[in-house]
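What the coordinates show
Residues per chain, in single letters:
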Amino acid sequence: MSKYQTPCRYDFVGSFLRPQEVKQAKADYAEGKISEEEKDRIIDAAIADVVEKQKELGYHVITDGEFRRTYWHLDFMWGFEGVGHEQTGGGVQFHAELASVEDTYLTGKVKAKPHPFVEYFKFLKQFEDENTVAKYTIPAPAQMFQQMIVPANYANTRKYYPTNEELIHDIGVAYQEVIRQFYDAGCRNLQLDDCTWGAIVGEAAKQRYKLLGLDLEEVKKELLKVNNLAVEGKPEDMVITSHICRGNYHSTFFTSGPYDTVADYVFAKENVDALFLEYDDERSGGFAPLAKVSPDKKVVLGLITTKSPELEDKESVIHRINEAAKYVPLERLYLSPQCGFASCEIGNKLTEEQQWDKLKLVKEIAEEVWGE
């Protein structure tokens, strides 16, 4: 077992740009040109390569880059009983671009079963060594809850769950079981990726929920409840972190707004060990809400953007870290990019070389600020 735990002083969210051979293998498999075994062999080799690159850069955390997934969130949901999906050509409107996603909906009660992602983690874990720890990323329980009550799914979900409370219970309990599966497979560092908090900040979100006839404070209570239920009873030596995101698709975003209106919930009361927070541009607001972070949590400042190839100015980033330290002690602060480089297969608009340059910058700044 590795001596390291996340977050590391210089860290990253988890996804990496898919190499061309991975995209081609998936396309060839979908067209029946290669077998599933051949596709998996190609992806396995690509994961081994991306892990080696992470190690070469000197990072103490490794991920599989999410290379096996099409979507950062939906693929995981398909691993539960009671969840179906279908490609209908629909999508979600991001800023100036429609994100293509598969319809994902309930077909029955949500229950855990042996989850395929646990097997994916086992493959990654073999690459752990004395200098690295394997982190696995999955969507937050709140993300699954929200997926099932979006307007397009609402009527269907009510066939199986007359109330949100019943849905929250089953999702939370199912997640508890899958978290145990990860733990039994040797996973000690699990990250919950969560766009739900980011989707309810800002004036546009306020208007959107008002049109749906939903009380925002009630929504926040439900998100907190399902996330905390899922991690209830988790093993003491398992670190669970949360990445709060405002959407990341092909270098576009879903929503904008500061953390002020959700800090009393997710910062103060969500039972995770650390928060990975987007702070890469003015859409994220200021650092003042960090004063609400409970003293048992670490904060990973996502000050380096993954949405564009331009490298940030080192001194500006250091200045911002010092600004954040007015609200959270420097020893509880860490540094990372604001999101993954490829939340979906399409990836963001930068090259693999530019992706690695971003991570080199993160490490360089962290070593200068913290001396480690």
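Here, every reference points to the structure presented above.
Residues numbered from 1 in each chain as written. Predicted model: local features only at pLDDT ≥ 70, side-chain atom pairs only at ≥ 80, totals over all residues. Heavy atoms only, no water.

Remarks on the overall build of the protein chain
- Within the protein chain, the secondary structure is distributed over 13 helices and twelve strands.
- For 372 residues, the compact-globule formula gives about 21 Å, and the C-alpha radius of gyration of the protein chain, at 19 Å, lands near that figure.
- Residues counted as buried form 58% of the 372 residues belonging to the protein chain.
- Restricting to contacts in the protein chain with at least 6 residues of sequence separation, those with at least 24 account for 79%. (Helix = DSSP H or I, 4+ residues; strand = E, 2+ residues; numbered from the N terminus. Rg over C-alpha atoms; globule rule 2.2 N^0.38 Å. Buried < 20%, exposed > 50% of the residue type's maximum accessible area, 1.4 Å probe, protein only. Contact = heavy atoms within 4.5 Å.)

Quick look at helix H2 (residues 36-56)
- In this model H2 runs 30 Å from its N-terminal to its C-terminal C-alpha over 21 residues, within 8% of the 30 Å that 1.5 Å per residue would give.
- Every buried residue belonging to H2 is among Lys39, Ile42, Ile43, Ala46, Ile47, Val50, Val51 and Gln54, and all of these are buried.
- Tucked inside the fold, the buried residues of H2 contact helix H1 (20-30), strand E1 (61-62), helix H4 (116-125) and helix H13 (352-370).
- Following H2 by one or two positions, Gly58 adopts a phi angle in the positive range, close to 90°. (Expected span 1.5 Å × (residues − 1).)

Some thoughts on the environment of Ala142
- Residue placement: Ala142 occurs in helix H5 (residues 141-149).
- Look at Ala142 and you get buried, because its relative accessible area is 0%.
- Between the C-alpha atom of Ala142 and that of Lys225, which follows or precedes it by 83 residues, the distance is 8.6 Å.
- For Ala142, the residues in contact, after removing those within four places along its chain, are Asp194, Thr196, Leu223, Val226 and Asn227.

Quick word on the sheet that holds strand E8 (residues 189-194)
- Taken in spatial order, the six strands line up as E7-E8-E9-E10-E11-E12 in an open sheet, and their pairing is parallel. Each edge of the sheet is formed by a strand with only one pairing partner; in this case those strands are strand E7 (136-139) and strand E12 (333-337). Neighbour to neighbour, the strand axes of the sheet diverge by 25° on average, direction disregarded.
- Both strand E9 (residues 239-244) and strand E10 (residues 274-278) contribute to a ladder of four bridges, which runs parallel. By the bridge assignment, Ile244 is partnered in E10 with Leu277.
- Sheet strands touched by H13: strand E11 (298-304) and E12. Its angle to E12, the strand with the most contacts, is close to 165°. (Pairing = 2+ DSSP bridges. Axes fitted to C-alpha atoms, helices over the stretch in contact; angles between N-to-C directions.)

Observations concerning the pattern of salt bridges
- Evaluation of the coordinates by the stated rule reveals 20 salt bridges.
- For Lys220, the salt bridge is made with Glu217, and the minimal N-O distance between the two is 2.9 Å. One end of the pair is Lys220 and the other is Glu217, both in helix H10 (residues 216-231) and three residues apart, which spans about a single turn.
- Given a relative accessible area of 35%, Glu217 falls into the partly exposed group.
- Lys314 is the salt-bridge partner of Glu364, the closest N and O atoms lying 2.6 Å from each other. Of this pair, Glu364 sits in helix H13 while Lys314 is found in helix H12 (residues 314-324), placing the two residues 50 residues apart along the sequence.
- Here Glu364 falls in the partly exposed class, since its relative accessible area comes to 39%. (Salt bridge = Lys/Arg side-chain N within 4 Å of Asp/Glu carboxyl O.)

Spatial relationships are all this shows, so hold off on functional conclusions.
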